[in-house]
Amino acid sequence: MTDIKSMNLTELTAYLTDNGFEKFRAKQVLQWIKQDASSFDDMTNIPKKLRDFLKAEAYLACADIVRAQHSKIDDTVKYLFRLYDGEYVEGVLMSYHHGRTICISSQVGCKMGCTFCATGMSGFSRSLTASEMVAQIRSAELDCKERISNVVLMGMGEPFDNYDNVIRFLRLVSSEDSLNIGMRHITVSTCGIVPRIYDFADLQLQTGLSISLHAPDDEARSRTMPVNKRYPVAELMKAARYYVDKTNRRITFEYALIDGENDSDENARKLASLLKGLLCHVNLIPVNNVTGAGYKKSSIKRQHAFADILSGYGVNATVRRTLGSDIDASCGQLKRNFTKGDV
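Worth saying up front: this structure is predicted, and the values here are computed from it rather than measured.

S.K.: Any chance you could explain the overall build of the protein here in plain terms?
M.R.: A count of helical and extended segments in the protein gives 13 helices and 14 strands. Rg of the C-alpha trace for the protein: 21 Å, near the compact-globule value of 20 Å for 343 residues, within the 12% margin. Taking all 343 residues of the protein together, the buried fraction comes to 54%. Considering only contacts in the protein between residues 6 or more positions apart, those separated by 24 or more positions represent 66%.

S.K.: Sorry, what's going on with helix 12 (residues 300–312) here?
M.R.: Count 3.6 residues to each turn of an α-helix, and residues three or four apart come out pointing the same way. Compared with an ideal rise of 1.5 Å per residue, which puts 13 residues at 18 Å, helix 12 spans 18 Å between its outermost C-alpha atoms and is within 8% of the ideal. When helix 12 is considered as a whole, its buried residues turn out to be Gln 303, Phe 306, Ala 307, Ile 309 and Leu 310. Taken end-on, helix 12 shows its buried residues confined to a sector of 155°, consistent with a single buried face. Across helix 12 from its buried face, at more than 90 degrees, point the exposed residues Ile 300, Lys 301, Asp 308 and Gly 312.

S.K.: Got a minute to help me understand the packing of aromatic side chains in this structure?
M.R.: Aromatic ring pairs are reported here in terms of the distance separating the ring centres and the angle at which the planes meet. For the structure on display, the rule yields nine aromatic pairs. With centroids separated by 4.9 Å and ring planes inclined at 55°, the aromatic side chains of Tyr 198 and Tyr 242 adopt a geometry described as tilted. Note that Tyr 198 is positioned in helix 7 (residues 194–203) and Tyr 242 in helix 10 (residues 233–247), a separation of 44 residues in sequence. The class of Tyr 242 is partly exposed, set by a relative accessible area of 30%. Here the aromatic residues Phe 160, Tyr 163, Phe 200 and Tyr 243 are joined through ring pairs into a cluster of three or more. Positioned above the aromatic ring of Phe 124, the side-chain terminus of Lys 111 is 4.8 Å from the ring centre.

S.K.: Mind showing me how you'd approach the packing of helix 6 (residues 163–173) against helix 7 here?
M.R.: When two helices pack together, their arrangement is given by the angle between the helix axes and by the axis-to-axis distance. Where helix 6 meets helix 7, the closest approach of the two axes is 12 Å, and the angle between their N-to-C directions is 25°. The angle between helix 6 and helix 7 places the two elements in the roughly parallel class. Like other packed secondary-structure pairs, helix 6 and helix 7 cross with a definite hand, here right-handed. Contacts between helix 6 and helix 7 pair Tyr 163, Ile 167, Leu 170 and Arg 171 from the former with Arg 196, Asp 199, Phe 200 and Leu 203 from the latter. Of the residues in the contact of helix 6 with helix 7, the class split is five nonpolar, no polar and three charged.

S.K.: Could you clarify how one ought to interpret the nonpolar core in this entry?
M.R.: Here is a general trend for soluble globular proteins: nonpolar side chains tend to be buried in one another's company. The biggest cluster of nonpolar side chains holds 81 residues, and the ones touching the most others in it are Ile 137, Phe 169, Leu 170, Phe 200, Phe 253 and Leu 275. In contact with Phe 169, not counting residues within four places along its chain, are Ile 104, Ala 130, Met 133, Val 134, Ile 137, Val 151 and Leu 153. Residues Ile 4, Phe 21, Leu 50 and Leu 60 belong to the second largest nonpolar core, which totals 20 residues.

S.K.: Mind showing me how you'd approach the pairing of strand 5 (residues 88–96) here?
M.R.: Side-chain positions along a regular strand alternate between the two faces of the sheet. Counting buried residues in strand 5 gives seven out of nine residues, a clear majority hidden from the surface. Sheet topology places strand 4 (residues 77–82) next to strand 5; six bridges connect them, and they run antiparallel. The residue bridging Val 77 from the neighbouring strand is Leu 93, located in strand 5. As consecutive antiparallel partners, strand 5 and strand 6 (residues 99–103) are separated by two residues.

S.K.: What is the right way to read the pattern of salt bridges from this model?
M.R.: Side-chain pairing between opposite charges can occur once the charged atoms of the two side chains come close. Overall, the coordinates contain 19 salt bridges when judged by the stated rule. In this structure, Glu 11 and Arg 168 form a salt bridge, with 2.8 Å as the shortest nitrogen-oxygen distance. Taken together, the residues span a long stretch of sequence, with Glu 11 in helix 1 (residues 9–18) and Arg 168 in helix 6 at a distance of 157 residues. Residue Glu 11 is classed as partly exposed on the basis of its relative accessible area, which comes to 29%. For Arg 168, a relative accessible area of 33% translates into the label partly exposed. Of the charged contacts, one joins Arg 223 and Glu 261 as a salt bridge, the two residues approaching to 2.8 Å between their closest N and O atoms. With a gap of 38 residues between them, Arg 223 in helix 8 (residues 218–224) and Glu 261 in the loop between strand 12 (251–257) and helix 11 (265–275) connect regions that are remote in the sequence. Look at Arg 223 and you get partly exposed, because its relative accessible area is 43%.

Rules and cut-offs
- Residues numbered from 1 in each chain as written.
- Predicted model: local features only at pLDDT ≥ 70, side-chain atom pairs only at ≥ 80, totals over all residues.
- Heavy atoms only, no water.
- Helix = DSSP H or I, 4+ residues; strand = E, 2+ residues; numbered from the N terminus.
- Rg over C-alpha atoms; globule rule 2.2 N^0.38 Å.
- Buried < 20%, exposed > 50% of the residue type's maximum accessible area, 1.4 Å probe, protein only.
- Contact = heavy atoms within 4.5 Å.
- Expected span 1.5 Å × (residues − 1).
- Arc of directions from axis to C-beta.
- Phe/Tyr/Trp six-rings, centres within 6.5 Å; stacked < 30°, edge-to-face > 60°.
- Lys NZ or Arg CZ within 6 Å of the ring centre and 35° of its normal.
- Axes fitted to C-alpha atoms, helices over the stretch in contact; angles between N-to-C directions.
- Parallel < 35°, antiparallel > 145°, perpendicular 65-115°, else oblique.
- Left-handed = near helix turned anticlockwise from the far one by under 90°.
- Nonpolar A, V, L, I, M, F, W, Y, C, P; charged D, E, K, R; others polar.
- Core = buried A, V, L, I, M, F, W, Y, C linked by side-chain atoms within 4.5 Å.
- Pairing = 2+ DSSP bridges.
- Salt bridge = Lys/Arg side-chain N within 4 Å of Asp/Glu carboxyl O.

Such coordinate-based values are descriptive only and should not be taken to indicate function.
Shown next, in the form of structure tokens:
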């Protein structure tokens, strides 16, 4: 089956003309897609022959909201989306002074196996198409009745393990044929797939790049992030410096503070040495309490002491404000809880 919602106008035109339909029909179909048509039967101004062809050969990717958890603390909303084949992914809608930001998923599950992440505990099913990533944004927009202005690919999955579809998504969602969200308003996160960081740098897109670091050396990082055994810290930092040199864009390093694991003064000094001279920002994150992981978040005092050490060495760092802490905020928790008891 053909995923026509992942196509741009040129590709859709070629697809229809190659199958014997008039060129102008592509614009008609695309207009229905932009109007959130959920069925080819809704496309009433195209001939029945074309509708029948599309029903037989193509599908309209969706991300239907099956559960929405609203925080009582802030305006955060945690969504569970059902995809066309019955798989589930999560998204988080957040409110900031600059507008609405959504964190979306790029895969159903994850292969990376980070020990502090609920997503990795649920295994891996498949990667998402570009249109399924767009569909998460659009479903949330329709639900909140507001335009979403910023997107982060930090939900379920490793975006660079689904590289081709993620690049297609970036080009699609930023186009006038789709949601027209500017590249500068999108951030892609990776746990450190080094070859793809080089590829991404060479594209010189205007998106942000976030790297999940979480430890300053190989010994500590390998304990929680299996990817480090394949792409150790030195290789990762070499790729990061290449990215900055190539794009002149700042990297954000995500660092989940885990009590007694990676939050000591020595860890902070090692991290400062590692990042010295690099155009970057460190986002310190109190680790989420994930059932079965056994990790505890660092105390507030320790979080700010860690940030102060980094700042003292000239490394820009902030402790991330926790949003939606009362609504299964950690990636993968809502899906795990839902599929255990409700499906």
